[in-house]
Each structure stands twice: as C-alpha cells, then as structure tokens.
Amino acid sequence: MNNHEENKASKWEQVQAKMKRLMKKRWALPAVYLTLSAVVLSSFLWMTSTDDLTDEQRDSEFDIEESADESTEGLSDVSESTEADEEEAVPAVSHDEVFELPVVDENEVAVVGIFHDFEASVEDQEQAFIRYNNYFYQNRGIDLARDDNQPFDVSAAMSGTVVKAEEDALFGQVVHIEHEEDILTIYQSLDGVTVEPGQTVKQGDVIGQAGRNLYNTDAGVHAHFEIRKDNVPVNPLDYVDQTLTALPDFTDEEQDEQQAPEEVPEPEEEIEQERGMS
C-alpha cells in the first residue's frame, strides 16, 4: 500500500471515530430523528400541494370546457330561434290589417258589376247578373273598371300567399291568394300577371293589370274580385275595411252547394226568360 492510500484510509478511520463519539452524546439521536422527520414532512407537504394544484388546474380546465359548451349551446339556441323566426315571418297577416279594394288608386275605378245577394232588392239582384252565351249567371264577386275602358294596376287586397296564378280559357288570367281562416281572395280577368304560386305578397303589391275575358265581355277591360271563406263567396263591399275575423262561418251544406271559382255556375232560368221577353 503506498502513502496516498494509507493517508486516505487513515482519514476514513478518523471520520468513523468522530461519528462514534457523536452518537454517544445524548442529543445525537434526537437530532437525527428531528432531521429525518423534517425531511419526510417537507416531502409530504410538497407532494400534497402539487396534487391540489393539479386538481385545481383540472377543475379550471373543466370549467373552461363547460363554459365553452354552454356558449356553443347558447349560440345554437340563438341560431335555431333565428331560423324559426325566419320561417314564421312569412306572411302572417297582421290582426289589424283590413281588406282593401284590389287597386292601387281607388279614385280611378268604379264598381261596374255587383255581388248577387238574395237578400238584396229585386233591382239590385237583376243588376248582379253576368250575361254569357245568352244565359245569365249570378255574379259571385264585384267587377271594377275605369270610365275610359283602359287597363289599371290590380293589387293584393290583403297580405297572403299566392296559391294559383295561371291562364284560364274563359276567365282570363287568374290569381288566388290564400289567407288565414281558410279565406281566399280571387282575381280574374287579369293581364300581365307578375306573381307565381308560392310567392308571398303584401297588401297593396301589384299582381297584374286589368284585362278582358270571355266570360264577361260586356264589362270590357275590368278586374273581377272575390272574397271566399271555405269556398263560400261573400260580398267584398261588405268587408272592405274589415279584418279576416269579420267573415262569418258557414255550414257544411252551404259549402257543398258552392262551385269552384273558375267554374261557370248554373244559369238563372227566370232571368233568362224575363230578359228574353224584354
């Protein structure tokens, strides 16, 4: 063994000797115990604080994800609500909306054909017939025309949805507009119709112009206008400035007695004979 190894062994023996002397003292063991306890306690507290922090972070992340989900659900609800509002926006008639004559300017037209009403006077009933093919038929609406026999704009009498817009061989171009309460407004003898089925129109929108038809040639250039509930025609002049709810209800029998708007009614034999004698 060389001198360096001998010195190293000698120092280790000196350290061991000192440790033995220290351990023989009264305070040595308690000091070692306290030191070890402090190390263990510090390690425990550090691990606990790390776990708590991790839980808080996890809770924080959960809150963020939950808030994001709630925000997304809120946006989804708003989107669905907006889509529902857009679907409901087409065209619900305002409860305050009332029937108007189907013309842009009421001052330029006159009523040249009146509605046939069995409760009207005999004179009015006689004036409420349309002559076609040498027969006379009850007028189921009113006819509007200008004094100079010129065309004029025809407009929607009330907001609604167009359910029919086509050419009829007898009645000319016709438009049907559907409203609530099973109510239809019917426009015949038109020309240059500008609407199509499925289209939403507002009250006053121009739907075409007055024209001619074969069914009522005596009226010249005119527009025929009807209001029907459950296919039963009513006198339009009685309901101008009235809401939809003003129209009466009709029995099944009354509804079954009616014919379609573009169907020629049965001729009146009494008027036919009377006119033939005059």
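To keep things clear, this report deals only with the structure shown in the data block. (Residues numbered from 1 in each chain as written. Predicted model: local features only at pLDDT ≥ 70, side-chain atom pairs only at ≥ 80, totals over all residues. Heavy atoms only, no water.)

Attention now goes to the pattern of salt bridges. One pass over the structure, following the stated rule, counts seven salt bridges. Ionic pairing is found between Arg146 and Glu108, a salt bridge with its closest N-O pair at 3.5 Å. With a gap of 38 residues between them, Arg146 in the loop between β4 (142-145) and β5 (153-155) and Glu108 in the loop between α2 (28-88) and β1 (110-113) connect regions that are remote in the sequence. The class of Glu108 is partly exposed, set by a relative accessible area of 28%. A salt bridge links Lys164 to Glu262, with the nearest nitrogen and oxygen atoms 2.9 Å apart. Of this pair, Lys164 sits in strand β6 (residues 160-168) while Glu262 sits in the loop between α5 (252-256) and α6 (269-277), placing them 98 residues apart in sequence. Put simply, Glu108, Arg146 and Asp148 are held in one network by salt bridges that share partners. (Salt bridge = Lys/Arg side-chain N within 4 Å of Asp/Glu carboxyl O. Helix = DSSP H or I, 4+ residues; strand = E, 2+ residues; numbered from the N terminus. Buried < 20%, exposed > 50% of the residue type's maximum accessible area, 1.4 Å probe, protein only.)

Once that is clear, we can look at the nonpolar core. One finds Phe99, Phe152, Val154, Val175, Ile177, Tyr187 and Ile207 to be the most contacted residues of the largest nonpolar core, which totals 31 residues. Looking at this core, the elements that each hand over two or more residues are β4, β7 (172-179), β8 (183-191), β10 (206-210), β11 (223-229) and β12 (232-234). When sequence neighbours within four positions are dropped, the list of residues in contact with Ile177 reads Ala156, Met158, Gly160, Thr161, Val162, Ile183, Leu184, Thr185, Tyr187, Val201 and Ile207. (Core = buried A, V, L, I, M, F, W, Y, C linked by side-chain atoms within 4.5 Å. Contact = heavy atoms within 4.5 Å.)

As a further point, take a negative patch on the surface. Together, Asp252, Glu253, Glu254, Asp256 and Glu257 give the surface a local cluster of negative charge. Locating Glu253 in the fold gives a position in helix α5. (Patch = residues over 30% accessible without salt bridge, like charges linked within 9 Å, V, L, I, M, F, W, Y side chains within 5 Å. Areas by Shrake-Rupley, 256 points an atom, 1.4 Å probe, with all protein chains shown as cover. Lys, Arg positive; Asp, Glu negative; His and termini not counted. Charge placed at Lys NZ, Arg CZ, Asp CG, Glu CD.)

Let us now look at the packing of aromatic side chains. Per the stated rule, a full pass over the model turns up five aromatic pairs. Aromatic pair Tyr132 and Tyr215: ring centres 5.7 Å apart, planes at 50°, arrangement tilted. Of this pair, Tyr132 sits in strand β2 (residues 129-132) while Tyr215 sits in the loop between β10 and β11, and the two are 83 residues apart along the sequence. With a centroid separation of 4.8 Å and an interplanar angle of 45°, the aromatic rings of Phe171 and Tyr215 are classed as tilted. Of this pair, Phe171 sits in the loop between β6 and β7 while Tyr215 sits in the loop between β10 and β11, placing them 44 residues apart in sequence. Overall, Phe171 belongs to the buried group, its relative accessible area being 1%. Residue classification places Tyr215 among the buried residues on the basis of a relative accessible area of 6%. (Phe/Tyr/Trp six-rings, centres within 6.5 Å; stacked < 30°, edge-to-face > 60°.)

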